[in-house]
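Structural characterization, general
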Amino acid sequence: SQTIHQWPATLVQPVGSPLSLECTVEGTSNPNLYWYRQAAGRGLQLLFYSVGIGQISSEVPQNLSASRPQDRQFILSSKKLLLSDSGFYLCAWSVGLANEQYFGPGTRLTVT
Amino acid sequence: KQEVTQIPAALSVPEGENLVLNCSFTDSAIYNLQWFRQDPGKGLTSLLLIQSSQREQTSGRLNASLDKSSGRSTLYIAASQPGDSATYLCAGNNAGNMLTFGGGTRLMVKP
């Protein structure tokens, strides 16, 4: 069966510090991978998606970037965090287009 | 641009009641519509996926319907239980890869 992992589970970082969140999927090959953010009062928003290694599409211009160094690994990064980057970050995967998306447990990021 | 709305934003019902959660979307050219459950501080659990060619899907006490022409989907929960208390989110998939989420309905089922 397929499993999706995210770490860390929670993170508190000062403004201006770097960020690296990791997501890995087990039990499937060549998944589509997604990063979403859930911010208070703003709902869930797609940030990035990837259909293959090194292929990243950005949906929202912002202070964040994403990378996919391996087939089942997706990383969300920032060089300098802003207060507005606080939120709940969720990674998801699917197989092919227009198919069911499955979400990870999320990372709660608080920027102070 | 797709917009998804969920009404009501919050709902409180006594245990055992049947209930309906509503989801409306502005762009009917969707590939599919997905319903999720989210417990406080947790990730999303996929409940049901309805493809654009389907009218409804059922899983246990849950039934989801899709009417593309009217831009509506409903999630029906039969014989509600306290364990059903959570936030329920619907999301439309228009571009194959991108889910547009509604704001969610926070459900409380009282024993």
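Residues numbered from 1 in each chain as written. Chains lettered and ligands numbered in written order. Predicted model: local features only at pLDDT ≥ 70, side-chain atom pairs only at ≥ 80, totals over all residues. Heavy atoms only, no water.

Residues and elements named next belong to chain B. Within the open sheet, the five strands sit side by side as S1-S3-S8-S7-S6. Their pairing is antiparallel. Every other strand in the sheet has two partners, leaving strand S1 (4–7) and strand S6 (56–59) as the edge strands with one partner each. Going across the sheet, the axis of each strand differs from the next one's by a mean of 15°, ignoring polarity. Pairing analysis gives four bridges linking S6 to strand S7 (residues 62–67), with the strands arranged antiparallel. Each bridged residue has a counterpart across the sheet, and for threonine 58 the counterpart in S7 is asparagine 63. (Pairing = 2+ DSSP bridges. Helix = DSSP H or I, 4+ residues; strand = E, 2+ residues; numbered from the N terminus. Axes fitted to C-alpha atoms, helices over the stretch in contact; angles between N-to-C directions.)

Let's shift gears to the sheet that holds strand S1 (residues 3–7) of chain A. All names here are of chain A. With antiparallel pairing, four strands are arranged side by side in an open sheet as S1-S3-S8-S7. Each edge of the open sheet is held by one strand with a lone partner, namely S1 and strand S7 (65–70). Ignoring which end each strand starts from, the neighbouring axes of this sheet average 20° apart.

All right, on to the packing of aromatic side chains then. Aromatic rings considered in pairs are described by the distance between their centres and by the relative angle of their planes. Residues and elements named next belong to chain A. Scanning the model with the defined rule gives nine aromatic pairs over all chains in all. Plain terms: the ring middles of tyrosine 34 and tyrosine 49 are 6.4 Å apart, the flat faces sit at 35° to each other, and that makes the pair tilted. Taken as a pair, tyrosine 34 in strand S4 (residues 32–39) and tyrosine 49 in strand S5 (residues 43–52) lie far apart in primary sequence, 15 residues in all. The two residues tyrosine 34 and tyrosine 49 agree in class, both being buried. (Phe/Tyr/Trp six-rings, centres within 6.5 Å; stacked < 30°, edge-to-face > 60°. Buried < 20%, exposed > 50% of the residue type's maximum accessible area, 1.4 Å probe, protein only.)

All names here are of chain B. Mapped onto the elements, serine 73 comes out in strand S8 (residues 72–77). Taking the relative accessible area as the measure of exposure, serine 73 reaches 1% and is therefore buried. Reaching out from serine 73, the side chain makes a polar contact with the backbone oxygen of serine 65 at a distance of 2.6 Å. (Polar contact = N/O pair within 3.5 Å; in protein donor to acceptor, adjacent residues only side chain to side chain.)

With 19 residues of chain B at the interface, the matching set in chain A holds 20 residues. Of the roughly 1500 Å² buried between chain B and chain A on both sides combined, carbon and sulfur atoms contribute 54%. In terms of surface lost to chain A, no three residues of chain B exceed B:Leu44, B:Asn97 and B:Phe101, which account for 35% of the buried area on that side. At the surface where chain B touches chain A, the tally comes to zero salt bridges. Run the count over chain B and chain A and you get three residue pairs in polar contact (both at pLDDT 80 or more). Among the secondary structure elements, those contributing two or more residues to the side of chain B that touches chain A are strand S4 (32–38), strand S5 (44–51), strand S9 (86–93) and strand S10 (99–101) of chain B. (Contact = heavy atoms within 4.5 Å. Buried area = accessible area lost by both parts, 1.4 Å probe. Salt bridge = Lys/Arg side-chain N within 4 Å of Asp/Glu carboxyl O.)

Further remarks concern the confidence of the model for chain B. Overall, the predicted model of chain B reaches an average pLDDT of 94, with 99% of residues at or above 70. Highest mean pLDDT in chain B belongs to strand S11 (residues 105–110) of chain B (98); lowest belongs to S10(B) (92). (pLDDT = per-residue confidence, 0-100.)

Let us now look at the state of the cysteines. Any covalent bond linking the sulfur atoms of two cysteines counts as a disulfide. Residue and element names in this part refer to chain B. Summed over the entire model, instances satisfying the criterion amount to two disulfides over all chains. With its sulfur 2.0 Å from that of its partner, cysteine 23 forms a disulfide with cysteine 90. Because the torsion about its S-S bond is 80°, the bridge between cysteine 23 and cysteine 90 counts as right-handed. Here the residue cysteine 23 occupies a position in strand S3 (residues 19–25), and cysteine 90 occupies one in strand S9, the gap between them amounting to 67 residues. The residues cysteine 23 and cysteine 90 share a single accessibility class, namely buried. (Disulfide = S-S within 2.5 Å.)

Before going further, it helps to examine the environment of A:Thr28. Residues and elements named next belong to chain A. Mapped onto the elements, threonine 28 comes out in the loop between strand S3 (19–26) and S4. Threonine 28 sits in the buried class, given a relative accessible area of 11%. Residues threonine 28 and serine 94, 66 residues apart in the sequence, show an inter-C-alpha distance of 9.4 Å. Setting aside residues up to four positions removed in sequence, threonine 28 forms contacts with Gln2, Arg72, Trp93 and Val95.

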